[in-house]
Amino acid sequence: MHAVCVAGARPNLVKIKPVLDALEMAGAATTFVHTGQHYDESMSGVFLADLGIRTPDRFLGVGSGTHAEQTGKVMVAFEAELEKLGADVVVVTGDVNSTVACALVAAKAGVQVAHVEAGLRSRDWSMPEEVNRVVTDRVSDYLFAPSEDATATLAAEGYRADQVHLVGNVMVDSLLANLDRARERGTPARFGLEAGGYGLVTLHRPANVDEPEVLASLVATLGTLAADLPLVFPVHPRTRARLGALDVPTGLRLLDPQGYLDFVALEADAALVLTDSGGIQEETTALGVPCLTLRENTERPVTVAEGTNQVVGRDPARILAAARAVVDHGVEPRCPALWDGHAGRRIAAVLTDQVPTRTLRPTDLPAGGS
Ligand code: UD1
Ligand code: UDP
């Protein structure tokens, strides 16, 4: 079986690694395609190195752009590669523009599509990722769900039970595989931080960072919290451009985007994480670290129902009250079923068992063969 495995943005790299490894362990041939949606060393190269992912077999180099530009460029470039490569299945992860672009191309090329992280819904159609999730699931043949709420959503949307596979969480596979190595780096101490004595912040959702008043209010609120609890904030490039115009309060310490191992090390020892990231809601649950999600909704409600996450929105008083309560009282560490480090293996087992492999074409036969 030949699987073409796609990644484009930072979180895709974290998610695809366990799938690539497990497919190869199961005897499948893999081609690793990087679309180039993220391209800075700090957003891509360091993830390949930290996670031990091989150099991409194909690099599409699409870069940044509007939604249509980026999605269109990925589609055109991926269509040409897929035609040359051939594939029994194309594996996409998550909800970024590269995900939906490659899923659409594969579906129209008549190649089976596997979506890792299927069935997540924020029910917020203003999020570009929600459009990507819904469309990607719709054109996928294999829907790999991380949790039971996702399988229930897919059933309610009419997907057949035989398309949907509850496999657990590949982001947690990578986390558990790398946690010891991450801790050994001593990253918090390098920044002068004590374990349990600081908070970690990330923000990159357009709804939070693209509106100057919203971002200014969030930064001011974080500044108030930072008077009691030092905060470190590795800044996503989308956010960096917008923060330039603001006064950043002392106590809120801006860092460059961190490599995967350094970030996990910071996360594991934080008293509290404040974020709008999807993956970080999951990692904090797996680590037992309290998480406050600075959004009005989440596509990952299992991290609230069975984890350490609270969705607190953007209201300053609510954020500060929740943060102080968590710092004073902590949270109960809990983790959803199957977030155990073996999701990649479950995915590979389904694909190697179920994906029909290509019948030989005349050109595949050895010269002179009959
Ligand atoms: C993308 C995903 C988002 C995901 C996030 C993970 C979409 C629609 N959005 O958002 O779902 O949560 O990645 O981090 O797919 N830039 C750089 N260097 C880079 C990459 C980006 O400077 O290596 C800057 C560019 O100015 C670019 C901007 O960041 O325009 C946004 O990048 P883009 O990939 O379009 O969206 P993200 O906000 O990163
Ligand atoms: N991450 C990282 N360095 C950072 C911020 C995040 O290594 O400075 C990792 C984080 O541990 C997780 C992934 O990037 O594995 C999450 O990506 P992001 O928040 O960009 O995207 P989302 O999950 O929201 O799509």
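Read on for a plain summary of the structure. (Residues numbered from 1 in each chain as written. Chains lettered and ligands numbered in written order. Predicted model: local features only at pLDDT ≥ 70, side-chain atom pairs only at ≥ 80, totals over all residues. Heavy atoms only, no water.)

### Observations concerning the sheet that holds strand β10 (residues 252-255)
Sheet strands pair by backbone hydrogen bonding; their relative direction is either parallel or antiparallel.
Moving on, step 1. Read from one edge of the open sheet, six strands run β10-β9-β8-β11-β12-β13, paired in parallel fashion. Taken across any chain shown, the strands that pair with only one partner, and hence form the sheet edges, are β10 and β13 (309-311). Pairwise comparison of adjacent strand axes, ignoring direction, gives a mean angle of 20° for this sheet.
Moving on, step 2. Across two bridges, the pairing between strand β8 (residues 199-202) and strand β9 (residues 231-234) is parallel. Paired with G199 across the bridge in β9 is L231.
Moving on, step 3. Contacts from helix α12 (residues 260-268) reach β8, β9, β10 and β11 (272-275) within the one sheet, and its direction differs from that of β8 by about 130°. (Pairing = 2+ DSSP bridges. Helix = DSSP H or I, 4+ residues; strand = E, 2+ residues; numbered from the N terminus. Axes fitted to C-alpha atoms, helices over the stretch in contact; angles between N-to-C directions. Contact = heavy atoms within 4.5 Å.)

### Comments concerning the environment of K84
Moving on, step 1. Residue position: K84 is located in helix α3 (residues 67-85).
Moving on, step 2. Residue classification places K84 among the exposed positions, given a relative accessible area of 63%.
Moving on, step 3. Between the alpha carbons of K84 and A9 there is a distance of 23 Å; along the sequence they are 75 residues apart. (Buried < 20%, exposed > 50% of the residue type's maximum accessible area, 1.4 Å probe, protein only.)

### So, the sheet that holds strand β2 (residues 29-34)
Moving on, step 1. Sheet architecture is open: seven strands sit in the order β3-β2-β1-β4-β5-β6-β7, paired in parallel fashion. Whereas interior strands pair on both sides, the edge strands pair on one side only; in this sheet they are β3 (58-59) and β7 (164-166).
Moving on, step 2. Packed on one face of the sheet, α3 meets β1 (2-7), β2, β3 and β4 (89-93) and runs near 160° to β1.
Moving on, step 3. Packed on one face of the sheet, helix α6 (residues 148-156) meets β6 (142-145) and β7 and runs near 165° to β7.

### Quick word on the site of ligand 2
Moving on, step 1. Neighbouring residues of ligand 2: 19 residues in total, closest R205, Q258, S277, G279 and E283.
Moving on, step 2. Between ligand 2 and H204 there is a distance of 3.4 Å, counted from an oxygen atom to a side-chain nitrogen or oxygen.
Moving on, step 3. A distance of 2.7 Å separates an oxygen atom of ligand 2 from a polar atom in the side chain of S277.
Moving on, step 4. Notes on ligand 2: free accessible area 540 Å², of which the protein chains cover 97%.
Moving on, step 5. Of all elements in the fold, only α1 (10-25), α12 and α13 (278-287) reach the threshold of two or more residues within the shell around ligand 2.
Moving on, step 6. Considering each element in turn, the shell around ligand 2 owes the most residues, four residues, to α13.
Moving on, step 7. Of the residues contributing to the shell around ligand 2, the split by class is nine nonpolar, six polar and four charged. (Near = heavy atom within 4 Å. Polar contact = N/O pair within 3.5 Å; in protein donor to acceptor, adjacent residues only side chain to side chain. Areas by Shrake-Rupley, 256 points an atom, 1.4 Å probe, with all protein chains shown as cover. Nonpolar A, V, L, I, M, F, W, Y, C, P; charged D, E, K, R; others polar.)

### Quick word on the packing of aromatic side chains
Moving on, step 1. Under the counting rule described, the total for this entry stands at two aromatic pairs.
Moving on, step 2. Taken together, a centroid distance of 6.2 Å and an interplanar angle of 50° make the contact between F47 and Y260 tilted. Residue F47 is located in helix α2 (residues 41-51), and its partner Y260 is located in helix α12; the two are separated by 213 residues in the primary sequence.
Moving on, step 3. Relative to F144, the ring of Y142 has its centre 6.5 Å away and its plane inclined at 10°; by these criteria the two rings are stacked.
Moving on, step 4. Given a relative accessible area of 6%, Y142 falls into the buried group. (Phe/Tyr/Trp six-rings, centres within 6.5 Å; stacked < 30°, edge-to-face > 60°.)

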